[in-house]
Amino acid sequence: MSVTAARRGRWTDLPVLLVAVVWGSSYLAAKGVTTERTVLAVLVLRFAVALPVLVVAGRHRLRALSAVQLRGAGLLGLILSGIFLLETYGVVHTSATNAGLIISLTMVFTPIAESRVRGTALPGTFMAAAGLSVLGVALLTQGAGFSAPTGGDLLMLGAAVARTVHVLAMSRMESVRGADALSLTTVQLGGAVAVFAVLSAVPGTGASPWAAAAAFSGGDWLGLLYLAAFCTLFAFFVQMWAVRRTSPSRVSLLLGTEPVWAAAVGIAVGGDRPGWLGLLGALLVLAGTAWGRSVADREREPGKPSEVPAVETGTEAAGAGAAV
């Protein structure tokens, strides 16, 4: 690699790494702006800010989507709405550190689920890495002593499963293959916002978007704009730019550092105190997911048949924010 190419690669890596940092911080940002009664309102407001920008940016390509692609993207939007609901309700009821680390289990759940769909066996090293991650989550959720996981921990675990379903659906649905990434993400988010808006109109589901917006402080609005502008729009456009300049695997590797930043922000800024047992669990989660990713990368070396399916980044990660 030439010096110029190496320098260009480093400059490309920096914005992608910043996306991972932003996503890692999004759990604390969402926790700061959301309560149990404002989950739906915050989701509507967040994407009501981001969605028009995506529509304007991709208006010409949106018109090129076929009816079949629109229906497929709409179905993915329903799954995406479930992910956001689980993640946002989950982060309200657990710590930002737990939320960011538990959701990272998607990186091991996805290859396992895909292997079952394909009917293939995963390497023993990958299964060992997956087991290490699961053990880490079990310790992480105990804090200073053994107790039942909180409802928020279980919701985040459900969100990790839902993300896995979303990735598999995106990779296997014929109807969305070949669809433009920006258009696909825009339709998915539009479908998710429609679900949130309908649910928020149901009596007993919490504050309406208008009531929540009226009650927001200046800090709440800053948090909401941070989630919309940086965790959604900035993240998506940086990924599109970076994948064109480098490779999807390189982008995926950098984005895989998200749980590290989630833990760092939760402990340093959010004041999370997981205790020694929780810290050990956090280290095991990080080690297990990193090990599993490295096994998958080795299996995908050129000329070598891969037994470990890749975890999608691109539109899946941007659409789900890879964070709340």
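This one's a predicted model, so the numbers in the text were calculated from it and none came from an experiment. (Residues numbered from 1 in each chain as written. Predicted model: local features only at pLDDT ≥ 70, side-chain atom pairs only at ≥ 80, totals over all residues. Heavy atoms only, no water.)

Helix α5 (residues 96-103) sits mainly inside the fold: eight of its eight residues count as buried. Within the span of α5, buried status applies to A96, T97, N98, A99, G100, L101, I102 and I103. (Buried < 20%, exposed > 50% of the residue type's maximum accessible area, 1.4 Å probe, protein only. Helix = DSSP H or I, 4+ residues; strand = E, 2+ residues; numbered from the N terminus.)

Counting 46 residues, the largest nonpolar core has V16, Y27, L101 and F216 as the members making the most contacts within it. Excluding anything up to four places from it in sequence, V16 contacts V238, A242, V251, L254 and L255. (Core = buried A, V, L, I, M, F, W, Y, C linked by side-chain atoms within 4.5 Å. Contact = heavy atoms within 4.5 Å.)

For the rest of this paragraph, the subject is the confidence of the model for the protein chain. The predicted structure's coordinates, where accompanied by low pLDDT, should not be read in detail. Within the protein chain, residue pLDDT values average 84, and 85% of them lie at 70 or more. Considering only residues more than four positions removed or in separate chains, one finds that residues 305-322, a stretch of pLDDT under 50, has 64 contacts. (pLDDT = per-residue confidence, 0-100.)

With that settled, consider helix α6 (residues 106-118). With 13 residues, α6 ought to run about 18 Å at 1.5 Å a step, and its terminal C-alpha atoms sit 18 Å apart, in line with that. Within α6, the full set of buried residues consists of T106, M107, V108, T110, P111, E114 and S115. Trailing α6 by a residue or two, G119 shows a phi angle of about 75°, which is positive. (Expected span 1.5 Å × (residues − 1).)

Take the packing of α6 against helix α7 (residues 124-140) next. One way to put it is that α6 packs onto α7 with a least axis distance of 10 Å and a crossing angle of 140°. On the basis of their axis angle, the class for α6 and α7 is oblique. Pair α6 / α7 crosses with left-handed handedness. When α6 is examined against α7, the residues M107, V108, P111 and I112 are found in contact with a partner set consisting of F126, M127, A130 and S133. (Axes fitted to C-alpha atoms, helices over the stretch in contact; angles between N-to-C directions. Parallel < 35°, antiparallel > 145°, perpendicular 65-115°, else oblique. Left-handed = near helix turned anticlockwise from the far one by under 90°.)

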